[in-house]
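# Examining the three-dimensional arrangement
The primary structure of each chain is shown beneath.
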Amino acid sequence: MSDVRFDVIGIGNAIVDVIAHAEDSFLDEQGIAKGGMTLIDDARAESLYAAMGPAVEISGGSGANTLAGVASLGGRAAYVGKVADDQLGSVFRHDIQAAGVAYETPPANGGLPTARCLILVTPDAQRSMNTFLGASTRIGAADLDLALFRDSAVTYVEGYLWDAPEAKEAILAAMKAAKAAGRKVAMSLSDGFCVDRHRAEFLDLAENFVDILFANETEILSLYQVDRFDDALQRVRAHCELAALTRSEHGSVVVSGDEVHVVRAEPVAKVVDTTGAGDLYAAGFLKGLVDGRPLADCARMGGIAAAEIISHMGARPETSLAELVAASLG
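Residues numbered from 1 in each chain as written. Predicted model: local features only at pLDDT ≥ 70, side-chain atom pairs only at ≥ 80, totals over all residues. Heavy atoms only, no water.

## Some details on the packing of helix H7 (residues 192-208) against helix H8 (residues 217-224)
Operational definition: Think of each axis as a best-fit line through the C-alpha atoms, taken over the contacting stretch in the case of a helix, with angles from 0 to 180 degrees between the N-to-C directions. What counts as a helix is a DSSP run of H or I of at least four residues, what counts as a strand is a run of E of at least two, and both are numbered from the N terminus. If an angle is under 35 degrees, it is roughly parallel; if it is over 145, roughly antiparallel; if it lies from 65 to 115, roughly perpendicular; otherwise it is oblique. Two helices that cross are described as forming a left-handed crossing if the nearer one is turned anticlockwise from the farther one by less than a right angle, and a right-handed crossing if clockwise. What makes two residues a contact is simply this: any of their non-hydrogen atoms within 4.5 Å. Residue polarity is assigned by list, with Asp, Glu, Lys and Arg as charged and Ala, Val, Leu, Ile, Met, Phe, Trp, Tyr, Cys and Pro as nonpolar; anything else, Gly included, falls into the polar class.
Here H7 crosses H8 at 45°, and the two axes come no closer than 9 Å. Taken as axis vectors, H7 and H8 run oblique relative to one another. H7 and H8 meet at a crossing whose hand is right-handed. Where H7 abuts H8, its residues Gly192, Val195, Asp196, Arg199, Phe202 and Leu203 lie against Glu219, Ser222, Leu223 and Tyr224. For the contact of H7 with H8, the class distribution of residues is five nonpolar, two polar and three charged.

Here it is, written out as structure tokens:
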């Protein structure tokens, strides 16, 4: 779109991921819920970090991963998220800017340190996340340049951010600015446990603000409190203009009114780490949508991006996603 400054702007928790391999027995010993995201405090973050095995530190955060994916696909991307003026904050800022994403949010001075997510990857490639939100919770409406949201084709919000009261005001301000300018608003439900905490508010957002909803099967079932995927599919089509629902190895389903597309998963030689699969699916889908591609192709682009990310550790692309898409779709 030629009338916008950015294809996608995201607002989310600015987090540095600390990723280590672990056995299921370690999760049991530490009382960690496998496959989900648990919020932890500073003391728990320190004790768990001390108990983890050798780890790698990689800039992450769900929304930030998505925007890095958009940039890797050749899109114009911007991100808003709060870090502290500390070492991990500097790492986050360097990494996201190096990925080609515009990032100008000033750091928080004093108070909580930069957020970190301690991720345990079990032999089946499932990731169990333990997140200390730290300075990321300090993002507020005052940190936003609303002109950026008016000048972006899509505003993308991660559901994780809804846990912070100040952030709710920022999210709503960004959504309202985008909608007033005739732009699209997209949201990821982020995690089944997140949906459990904020179901009523998420339903309200889906009905009144969100044009494009991203969710995996667990999240969409939780949102509507149903047991069958087909029932959730029927419910979401009445709420959103467009929903993209991922189903792991079974691919994804895209629904828009009476239009439904079932798209297979892209082949992966070996699944190494599923961290960021949904984030990168959203990146591919949104870039395809902004480019005016058919919905089925948007889902294919999402699948290609997700397949790249689960083939290695970490949730930022290691291969040009634009080249992968060009090789598969042209």
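After that view of the structure, there is still more to cover.
## Brief notes about the UniProt feature "domain: Carbohydrate kinase PfkB" (unreviewed entry) in the protein chain
What counts is decided by this rule: UniProt positions are given in the numbering used here, feature names are shortened, and annotations may be inferred rather than shown by experiment.
The feature "domain: Carbohydrate kinase PfkB" (unreviewed entry), as annotated in UniProt, sits at residues 58-317 in this numbering. With 41% helix and 21% strand, the stretch residues 58-317 has end C-alpha atoms that lie 11 Å from each other.

## As for the sheet that holds strand S2 (residues 15-21)
Spelled out, the test is: DSSP calls a pair of strands paired once it identifies at least 2 bridges connecting them.
An order of S3-S8-S7-S2-S4 is seen for the five strands of this open sheet, with the pairing classed as mixed. The two strands at the open ends of the sheet, each matched to only one other strand, are strand S3 (37-39) and strand S4 (56-60). Ignoring strand direction, the axes of neighbouring strands in this sheet form an average angle of 25°. Bridge count for S3 against strand S8 (residues 127-132) is three bridges, and the pairing is parallel. Bridge pairing in S8 places Leu39 opposite Thr131.

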